[in-house]
Amino acid sequence: MKITNSKKKFLYLISPNKIKKDFYLKLNQILAFKKVEFFQLRIKNNSLKKKIEIGKKIKPICKKYNVKFLINDDPMLAKKLNADGCHLGQKDMDIISARKILGKKIIGITCHNSILLAKEALKNNADYLAFGAFFPTSTKKVKFKANISVIKKIKRLTNKPIIAIGGINNRNYKKLLLNNVNFLAISSYIFNNNKNKPIEALKKLI
């Protein structure tokens, strides 16, 4: 699937790990601002049945706002939900096996801070590359730190979309966009923000 990068849509939104009852209303409100290109469902501690149940509720919301619906880690779940694609970490299923399951759907790859991993992902026809963490984050334990130089290097090698991840908020996001990052992956800043509700937090990125 071809990924187009609109100047208006620059966010790659990742779900909170726990989906509460009011989440679906919040997601509707967030996507209505038309700043989100991708939504990734990332819920680790749920049964397959629960993930399918949640995914079936999220999919039509994404479709309503023309947002690409991706599943974290699990190509089989992505296929079952007929999602737009899947995001794979370095310890997940390899991209060649995932491609056999998902065909031409979107498959993005975590590359941490490594040009070598990025080259391998490009060789295997990844649809986008994700780098990070650029800043400290509470979403997950940071094992790899990335910086602007890795973005400049990868931009010389490919036109595929580049996604920055890790601790991105209203105080630091512009630096990444100014250095030609295509999309900013955010989660905690929107869903676990102690100072601002999701919509208020989002407005500070506009």
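Here the structure is a predicted model, which is why all the values come from computation and not from measurement.

**Q** Help me out: how do you make sense of the sheet that holds strand β2 (residues 36-41) in this one?
**A** Note on sheets: strands pair through backbone hydrogen bonds, and any given pair is parallel or antiparallel. The eight strands lie next to each other as β1-β2-β3-β4-β5-β6-β7-β8, forming a closed barrel whose pairing is parallel. Across the sheet, the axes of successive neighbouring strands diverge by a mean angle of 25°, strand direction being ignored. Across three bridges, strand β3 (residues 68-72) lies against strand β4 (residues 85-88) in parallel orientation. Bridged to Ile71 within β4 is Cys86. Docked against the sheet, helix α2 (residues 48-64) engages β2 and β3, running at close to 170° with respect to β2. Taken strand by strand, helix α6 (residues 148-155) contacts β6 (128-132) and β7 (162-165), and its axis lies near 160° from that of β6.

**Q** Before we go on, may I ask you to explain the packing of aromatic side chains in this structure?
**A** The description of an aromatic ring pair uses the distance of the two centres, along with the angle that the planes make with each other. One pass over the full model with this rule turns up nine aromatic pairs. An angle of 55° between the planes, with centres 5.7 Å apart, marks the rings of Phe38 and Tyr128 as tilted. Taken together, the positions of Phe38 in strand β2 and Tyr128 in strand β6 put the pair 90 residues apart, joining distant regions of the chain. Since its relative accessible area comes to 0%, Phe38 is described here as buried. Each member of the aromatic cluster is reached from another via a ring pair, and the members are Phe23, Tyr24, Phe39, Phe69 and Phe191. When the ring centre of Phe38 is taken as reference, the NZ or CZ atom of Lys68 above it lies at 5.9 Å.

**Q** It is not clear to me how the nonpolar core should be interpreted in this structure. Could you clarify?
**A** Soluble globular proteins: nonpolar side chains tend toward being buried together. If you look at the biggest cluster of nonpolar residues, it comprises 61 residues, and the most contacted ones within it are Phe39, Ile58 and Phe131. The residues touching Phe39, leaving out its near neighbours within four places in the chain, are Leu13, Ile14, Ser15, Phe23, Leu27, Ile58, Cys62, Val67, Lys68, Phe69 and Leu70. Counting residues in each nonpolar core, the second largest holds ten residues, with Leu70, Ile106, Tyr128 and Ala185 among its members.

**Q** Any chance you could explain the side chain of Lys35 here in plain terms?
**A** Counting through the fold element by element, Lys35 comes out in the loop between α1 (23-31) and β2. No salt bridge is formed by the buried Lys35; its nearest oppositely charged neighbour, Glu37, is found at 11 Å. Residues within four places of Lys35 in sequence aside, it is in contact with Lys8, Lys9, Phe10, Leu11 and Ile206.

**Q** Explanation requested: α1 in the structure shown.
**A** Turn by turn, an α-helix covers 3.6 residues, leaving residues three or four places apart pointing in a common direction. Of all the residues in α1, the buried ones are Phe23, Tyr24, Leu27, Ile30 and Leu31. Buried residues along α1 cover an arc of 120° about the axis, so they all sit on one side. Next to the buried residues of α1 lie β1 (11-14), β2, α2, α8 (188-191) and α9 (198-203).

Definitions and limits used
Residues numbered from 1 in each chain as written. Predicted model: local features only at pLDDT ≥ 70, side-chain atom pairs only at ≥ 80, totals over all residues. Heavy atoms only, no water. Pairing = 2+ DSSP bridges. Helix = DSSP H or I, 4+ residues; strand = E, 2+ residues; numbered from the N terminus. Axes fitted to C-alpha atoms, helices over the stretch in contact; angles between N-to-C directions. Contact = heavy atoms within 4.5 Å. Phe/Tyr/Trp six-rings, centres within 6.5 Å; stacked < 30°, edge-to-face > 60°. Buried < 20%, exposed > 50% of the residue type's maximum accessible area, 1.4 Å probe, protein only. Lys NZ or Arg CZ within 6 Å of the ring centre and 35° of its normal. Core = buried A, V, L, I, M, F, W, Y, C linked by side-chain atoms within 4.5 Å. Lys, Arg positive; Asp, Glu negative; His and termini not counted. Salt bridge = Lys/Arg side-chain N within 4 Å of Asp/Glu carboxyl O. Arc of directions from axis to C-beta.

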